Amino acid sequence: MLLCTLDQLPERESRGFELEQMAVFAIRCEDRVYVYRNSCPHRGIRLEWQPDQFLDHERQFIQCATHGALFKLETGVCIAGPCPGETLEQIPCRIEDNKVYLQLALQN
């Protein structure tokens, strides 16, 4: 499933997307793209407080706007806040022809 083009996701930026079945966000970092379900493992709420704002001020970590929890960009593991060690749900993706595709399992 096509998510976006790389032009729509600049380096060290994040962007949220509404899919039919879930809300996700993508982050581009060092020519890699990481996609996660937009849900904090602590309370199951969305992470952003403004559209497309998923990163901390220094753009080093994913940050939950409600609790201030910090998650590693590459793994989604919480390193600070109310849910240390818990992990964001990562969605597999691939880059092909400057486009980001989600690799979602087909559901019947």
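Look up: the structure comes first, before these words.
Everything in this summary refers to the structure shown in the same document. Here the structure is a predicted model, which means the values were calculated and not measured.

This part takes up the side chain of Arg28. Among the secondary structure elements, Arg28 is positioned in strand β3 (residues 23-29). On the accessibility criterion, Arg28 (17% relative accessible area) is buried. Looking at Arg28, its side chain comes within polar contact range of the main-chain oxygen of Leu9, at 3.2 Å. Once you skip the residues sitting within four places of it in the chain, Arg28 turns out to touch Leu6, Leu9, Pro10, Glu11, Arg12, Glu13 and Val33.

With that out of the way, let us pick up the packing of aromatic side chains. Tallied over the entire structure, the rule returns 2 aromatic pairs. Arranged with centres 4.3 Å apart and planes meeting at 5 degrees, the rings of Phe25 and Phe54 form a pair that is stacked. Taken together, the residues Phe25 in strand β3 and Phe54 in the loop between β4 (32-37) and β5 (61-63) connect sequence positions 29 residues apart. The structure contains a cluster of three or more aromatic residues connected by ring pairs, namely Phe25, Tyr36 and Phe54.

This part is about the environment of Gln63. Looking at the element boundaries, Gln63 is found in strand β5. Accessibility expressed as a relative area gives 30% for Gln63, which makes it partly exposed. Each C-alpha atom of the pair Gln63 and Gln53 lies 8.7 Å from the other, and the pair is 10 residues apart in sequence. Apart from the residues lying within four places of it in its own chain, the contact partners of Gln63 are Leu47, Phe54, Leu55, Asp56, Gly68, Ala69 and Leu70.

So, about the side chain of Ser14. Looking at where Ser14 falls in the secondary structure, it is placed in strand β2 (residues 14-18). For Ser14, the side chain forms a polar contact with the main-chain oxygen of Asp52, separated by 2.9 Å. Of the polar contacts made by the side chain of Ser14, one reaches the backbone nitrogen of Phe54; its length is 3.3 Å. Among residues more than four places away in sequence, those in contact with Ser14 are Leu9, Ala26, Ile27, Asp52, Gln53, Phe54 and Leu55.

Parameters at a glance
Residues numbered from 1 in each chain as written. Predicted model: local features only at pLDDT ≥ 70, side-chain atom pairs only at ≥ 80, totals over all residues. Heavy atoms only, no water. Helix = DSSP H or I, 4+ residues; strand = E, 2+ residues; numbered from the N terminus. Buried < 20%, exposed > 50% of the residue type's maximum accessible area, 1.4 Å probe, protein only. Polar contact = N/O pair within 3.5 Å; in protein donor to acceptor, adjacent residues only side chain to side chain. Contact = heavy atoms within 4.5 Å. Phe/Tyr/Trp six-rings, centres within 6.5 Å; stacked < 30°, edge-to-face > 60°.

Purely geometric numbers; function is a separate question.
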